[in-house]
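Descriptive analysis of the structure
So the chains spell out like this:
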Amino acid sequence: MKTLTPTGILNADLHCHSVVSDGTLTPEQLAQRAKTNGVELWALTDHDEVGGQHRAMAAASALGLPYLTGVEVSVTFASVTVHIVGLGFDPDHPALVQGLAQTRGGRDQRAQEMADQLAAVGIKGAYDGALKYVGNPELISRTHFARFLVETGVCQDTNEVFRRFLTENKPGFVPHRWAKLGDAVRWIREAGGMAIIAHPARYDHSPTAEYALFTEFIAHGGQGVEVVTGSHSAAEAIQYADMALEFGLAASRGSDFHSPEESHTDLGALPHLQGKLTPVWELLADRIHWH
Ligand code: AMP
Ligand code: MN
Ligand code: MN
Ligand code: MN
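Described in the following lines is the structure provided in the data block. (Residues numbered from 1 in each chain as written. Chains lettered and ligands numbered in written order. Predicted model: local features only at pLDDT ≥ 70, side-chain atom pairs only at ≥ 80, totals over all residues. Heavy atoms only, no water.)

1. Side note on the pattern of salt bridges
Following the criterion strictly, the structure yields 11 salt bridges and no others. The partner of Arg186 in a salt bridge is Asp183, with the nearest N and O atoms 3.0 Å apart. Linking Arg186 with Asp183, this pair stays in helix α8 (residues 181-190), spanning three residues, or about one helical turn. Where Glu190 meets Arg186, a salt bridge forms, and the shortest distance between an N and an O atom there is 3.7 Å. Placement of the pair is Glu190 and Arg186 together in helix α8, with a separation of four residues, close to one helical turn. Several salt bridges converge on common partners, so that one network encompasses Glu49, Arg104 and Glu138. (Salt bridge = Lys/Arg side-chain N within 4 Å of Asp/Glu carboxyl O. Helix = DSSP H or I, 4+ residues; strand = E, 2+ residues; numbered from the N terminus.)

Have a look at this one:
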């Protein structure tokens with residue numbers, strides 16, 4: 001079997017999005033960008049959707065880029081939306097495919113309610129406006145609304161949109177009930193993959209709820225946590241490296257790249273994991289698609 005050496009300092013990028021969810025590049029364009037940027041192990045992790053996996057794998061293979069299958073599942077835990085990344089699974093496994101289809105359900109209804117709220121504060125046509133940016137009709141997301149609000153000049157950039165709209169207590173925010181933590185971890189595991197808590201610093205949990213998230217996640221069979229991500233500051237990466245060690249979780253690394261125009265962290269442009277951590281790719285070595 002091929003091995004990745006030296007494992008700890010591999011340029012792995014195991015979190016990004018394509019037009020199959022809320023990114024602006026195709027799986028093929030992302031594969032090329034990852035290769036150009038020196039990524040040595042790549043995963044496409046679209047929200048609640050594995051429809052881009054075969055394309056990503058084929059594109060990576062054609063470029064000689066080692067690939068892990070990926071997904072980012074939306075979960076509701078303690079009334080907060082939490083994202084669980086799955087890596088190294090069979091993308092055609094029925095439990096995973098059906099679970100994700102169920103998780104995607106309700107997005108359209110939510111989007112119409114978001115548009116109604118925006119109309120009530122004077123922003124008309126947001127549903128159709130957001131739809132123009134949607135590549136997958138089952139995956140209309142807040143990001144697509146954000147692009148419409150930038151296009152129409154309501155906000156300067158998507159960060160301002162999320163600050164002023166689309167987040168809790170702001171117009172355009174519609175609370176949504178996503179998958180259960182235990183179900184998301186189970187779908188990933190049944191499909192042969194590893195479950196990983198995405199960007200833990202981003203959640204609005206109390207310290208008690210965060211502790212509960214980590215302990216329940218592990219009880220369900222979760223095995224990893226993102227430590228180095230485009231969503232973490234350097235201080236947060238240190239904080240969650242300590243959490244990974246405290247909870248005995250493997251550590252992941254991923255840019256969460258969505259778009260050349262919107263994302264601060266490009267594919268492959270991340271600090272390395274600290275040497276004392278166990279990288280997730282060490283545990284996933286037999287699930288890497290070589291070329
Ligand atoms: P949704 O799944 O429809 O709730 O949309 C969530 C997506 O919105 C995330 O995956 C991000 O891509 C994007 N997002 C959330 N918060 C922000 C933010 N503060 N700035 C920019 N994008 C954000
Ligand atoms: Mn996103
Ligand atoms: Mn996320
Ligand atoms: Mn993401």
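2. Observations concerning the coordination of the manganese ion (ligand 2)
Here the manganese ion (ligand 2) is held by Asp22 (OD), His47 (NE2) and His258 (NE2), and the distances to it run 2.1 to 2.2 Å. Sequence spacing of the donor residues for the manganese ion (ligand 2), all on one chain, is D-x24-H-x210-H. Here the manganese ion (ligand 3) and the manganese ion (ligand 2) are spaced 5.7 Å from one another. A residue pair is termed long-range when its members are at least 10 positions apart, and Asp22 in the loop between β1 (12-13) and α1 (27-36) and His258 in the loop between β7 (250-254) and α11 (280-283) qualify at 236 residues. This pair shows no difference in class: Asp22 is buried, exactly as His258 is. (Donors = N, O, S within 2.8 Å, 3.2 Å for Na, K, Ca; no water. Buried < 20%, exposed > 50% of the residue type's maximum accessible area, 1.4 Å probe, protein only.)

3. Brief notes about the layout of surface pockets
Empty space within the largest pocket amounts to approximately 1,500 Å³. Taken together, 40 residues make up the lining of the largest pocket; nearest its centre are His83, Arg142, Phe162, Thr167 and Arg202. Of all the secondary structure elements, the ones that give two or more residues to the lining of the largest pocket are β3 (70-77), β4 (80-87), α4 (107-120), α6 (142-151) and α7 (158-164). What the second largest pocket holds in volume is close to 210 Å³. Forming the walls of the second largest pocket are Thr76, Phe77, Ala78, Ser79, Gln102, Thr103, Arg177, Trp178, Ala179, Lys180, Asp183 and Trp187. If you list the elements that add at least two residues to the lining of the second largest pocket, you get β3, α3 (94-104) and α8. Here the residues of the lining of the second largest pocket are counted per class, giving five nonpolar, four polar and three charged. (1 Å grid on protein atoms, 1.4 Å probe; cavity = no way out; pocket = protein on both sides within 12 Å on 5 of 7 lines; lining within 4 Å. Points joined across faces, edges and corners; volume = space filled by probe spheres on them. Nonpolar A, V, L, I, M, F, W, Y, C, P; charged D, E, K, R; others polar.)

4. What about the packing of aromatic side chains?
Enumeration according to the criterion identifies three aromatic pairs in this entry. Ring plane angle 65° and centroid distance 5.2 Å describe the contact between Trp42 and Tyr67, whose orientation is recorded as edge-to-face. With Trp42 in strand β2 (residues 41-42) and Tyr67 in the loop between α2 (53-63) and β3, the pair connects residues that are 25 residues apart, well separated along the chain. As far as burial versus exposure is concerned, Trp42 and Tyr67 are alike and both buried. Among the aromatic residues, ring-to-ring pairing joins Tyr211, Phe214 and Phe247 into one connected group. (Phe/Tyr/Trp six-rings, centres within 6.5 Å; stacked < 30°, edge-to-face > 60°.)

5. Quick notes on the environment of Asn37
Among the secondary structure elements, Asn37 is positioned in the loop between α1 and β2. Classification of Asn37 by relative accessible area gives partly exposed; the value is 30%. With sequence-adjacent residues up to four places away left out, Asn37 is seen in contact with Asn11, Asp266 and Leu267. (Contact = heavy atoms within 4.5 Å.)

6. Regarding the coordination of the manganese ion (ligand 4)
Within the protein, the atoms that donate to the manganese ion (ligand 4) are His15 (NE2), His17 (NE2), Glu72 (OE) and Asp256 (OD), at distances of 2.1 to 2.3 Å. Read from N- to C-terminus, the donor residues coordinating the manganese ion (ligand 4) fall into the pattern H-x1-H-x54-E-x183-D. Here the manganese ion (ligand 2) and the manganese ion (ligand 4) are spaced 4.6 Å from one another. With His15 in the loop between β1 and α1 and Glu72 in strand β3, this pair connects stretches of sequence that are 57 residues apart. When sorted by exposure, His15 lands in the same class as Glu72, which is buried.

7. Things to note about the sheet that holds strand β6 (residues 224-229)
Strand order in the open sheet formed by five strands is β3-β4-β5-β6-β7, with mixed pairing between adjacent strands. Each edge of the open sheet is held by one strand with a lone partner, namely β3 and β7. Pairwise comparison of adjacent strand axes, ignoring direction, gives a mean angle of 40° for this sheet. Lying over the sheet, helix α9 (residues 207-219) contacts β3, β4, β5 (194-197) and β6, oriented at roughly 175° with respect to β5. (Pairing = 2+ DSSP bridges. Axes fitted to C-alpha atoms, helices over the stretch in contact; angles between N-to-C directions.)

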